[in-house]
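# Structural overview
The residues making up each chain are set out below.
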Amino acid sequence: MSQKSKFLGTLIVLFIFPSCIFLSGCIYERDTQETYNTSLEATEYEGKQLTPISEQRNNAIEGTQYIDQDTYELQVYGMVNSSLDLSYEQLVNYPSTTRFTRLDCVEGWGFDAIWTGVPLSLIFEEAQVSDNATNVIFYCADGYSTSLELDYIVENDIMLAYKLNNVTLPPERGFPVQLVAEGKYGYKWAKWITAIELTDEPYEGYWERVGYSNNAEVGGPAFE
Ligand SMILES: Nc1nc2c(c(=O)[nH]1)N[C@H]1C(S)=C(S)[C@@H](COP(=O)(O)O)O[C@H]1N2
Ligand SMILES: [Mo]
C-alpha cells in the first residue's frame, strides 16, 4: 500500500466515517424525536379504534417545519372587517370542539383519529368576514397552500386542530395547527398554517395547480 492510500484510508476511518455516523445520528434523532407522550394518546373514541400517531403516515413537500410556539402568529386577513393576528395561546383559548375524523390521502392511504381544535366559524365571526367572501385560502410555513369554499367550512363546522388523539400536535403533524378538512382529500388538510385569507375568487393551491381536483371530495375524481 502506498503512503498516499494509507493516508486516505486513515482519513476515512478516523474522520469521514465517524462524522457520517455523527451527522446521520443528528438527523435520525430529529426525525424520530418523541414530542408527545404516547401514554396519554387516546386509542379509541366512542367505540371506534384510532390509528396510533406512530403509525400515521406523513406527507409534506419540504419535510417537517419546526414552529416556535412563543413567536407563532396566525394572520387572518383579506375580505374581513377586522384583520387578526392570533397567538398560540389565543387559539387554544377559544371554545374547542372534538371530533372523530378520517384523513384520506388521494394516494390511497388514510388513518382514523380524533381531533380537537377551534371551529373556524368562531375566528371568522371575530374577524367579521365580509358577506361577499366565498373562498378561504390557507398559507403554510413550508410554502404550501390550499383553499376551500367558505360555505363548506361553515356548513361542516370545520376546525383548526391543535390536538390529535388527545395530545398536542407533534411538529411533524403540523404544530401548531392542522386543518381538519372532513370529507376532503388529505391535500386540503393544511399543516403549519401561518395565514388565512378570505377572498371572493377560487384559488388553486400547491397540488390543485398541477391538476388535482379543487373540490377534492373523498371518493370523487382526483384530477379535474
Ligand atoms: N403545509 C403542508 N400541509 C400539508 C401538506 C404539505 O406538504 N404541506 N401535505 C398534504 C397532504 S398531500 C396530506 S395527505 C396531508 C397528510 O397529513 P398528515 O401528515 O397529517 O398525515 O397533509 C396535507 N397538508
Ligand atoms: Mo396527500
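- An unreviewed UniProt entry lists the protein under the name Oxidoreductase, with Methanolobus halotolerans given as the organism.

### Section: the site of ligand 1
- Lining the immediate environment of ligand 1, one finds 20 residues, of which Arg57, Ile61, Asp142, Arg173 and Lys191 sit closest.
- Between ligand 1 and the protein, one listed contact pairs a nitrogen atom with a side-chain N or O atom of aspartate 142 at 2.7 Å.
- Contact with the protein chains removes 98% of the 530 Å² of surface that ligand 1 exposes when unbound.
- The cavity where ligand 1 resides is the largest pocket.
- Grouping the constituent residues of the shell around ligand 1 by class yields twelve nonpolar, four polar and four charged.

### Focus on the side chain of threonine 101
- The residue threonine 101 is located in strand β5 (residues 97–104) in this model.
- In this structure threonine 101 touches Phe111, Asp112, Ala113, Trp115, Val180, Glu182 and Trp189, once residues within four positions along its chain are discounted.

### Topic: a nonpolar patch on the surface
- On the surface, a nonpolar cluster with roughly 280 Å² of combined accessible area is contributed by Tyr206, Trp207 and Val210.
- Mapping tryptophan 207 onto the fold places it in the segment after β12 (193–199).

### Comments concerning the pattern of salt bridges
- Counted by the stated rule, this structure contains five salt bridges.
- Residue arginine 102 is joined to aspartate 112 by a salt bridge in which the shortest nitrogen-to-oxygen separation is 3.1 Å. Within this pair, whereas arginine 102 is found in strand β5, its partner aspartate 112 is found in strand β6 (residues 110–119), the two being separated by ten residues in sequence.
- For the salt bridge of glutamate 208 with lysine 188, the shortest nitrogen-to-oxygen distance reads 2.8 Å. With glutamate 208 in the segment after β12 and lysine 188 in the loop between β11 (178–180) and β12, this pair connects stretches of sequence that are 20 residues apart.
- Under the relative-accessibility criterion, glutamate 208 is labelled buried at 2%.

### Thoughts on the packing of aromatic side chains
- This structure, assessed with the given rule, holds ten aromatic pairs.
- Seen from their ring centres, tyrosine 88 and phenylalanine 175 are 5.2 Å apart, and the 40° between their planes marks the pair as tilted. Highlighted residues: tyrosine 88 in helix α2 (residues 88–92) and phenylalanine 175 in the loop between β10 (167–168) and β11, separated in sequence by 87 residues.
- Judged by its relative accessible area of 9%, phenylalanine 175 is buried.
- Every member of this aromatic cluster is reached through a ring pair, and the members are Tyr144, Tyr185, Tyr187, Tyr206, Trp207, Tyr212 and Phe223.
- Directly above the ring of phenylalanine 100 sits lysine 48, whose terminal nitrogen or CZ lies 4.5 Å from the centroid.
- Across from the ring centre of tyrosine 152, 4.7 Å away, lies the NZ or CZ of lysine 184, which sits over that ring.

Definitions and cut-offs
Residues numbered from 1 in each chain as written. Chains lettered and ligands numbered in written order. Predicted model: local features only at pLDDT ≥ 70, side-chain atom pairs only at ≥ 80, totals over all residues. Heavy atoms only, no water. Near = heavy atom within 4 Å. Polar contact = N/O pair within 3.5 Å; in protein donor to acceptor, adjacent residues only side chain to side chain. Areas by Shrake-Rupley, 256 points an atom, 1.4 Å probe, with all protein chains shown as cover. 1 Å grid on protein atoms, 1.4 Å probe; cavity = no way out; pocket = protein on both sides within 12 Å on 5 of 7 lines; lining within 4 Å. Sits in = over half its atoms within 2 Å of the grid points. Nonpolar A, V, L, I, M, F, W, Y, C, P; charged D, E, K, R; others polar. Helix = DSSP H or I, 4+ residues; strand = E, 2+ residues; numbered from the N terminus. Contact = heavy atoms within 4.5 Å. Patch = residues over 30% accessible without salt bridge, like charges linked within 9 Å, V, L, I, M, F, W, Y side chains within 5 Å. Salt bridge = Lys/Arg side-chain N within 4 Å of Asp/Glu carboxyl O. Buried < 20%, exposed > 50% of the residue type's maximum accessible area, 1.4 Å probe, protein only. Phe/Tyr/Trp six-rings, centres within 6.5 Å; stacked < 30°, edge-to-face > 60°. Lys NZ or Arg CZ within 6 Å of the ring centre and 35° of its normal.

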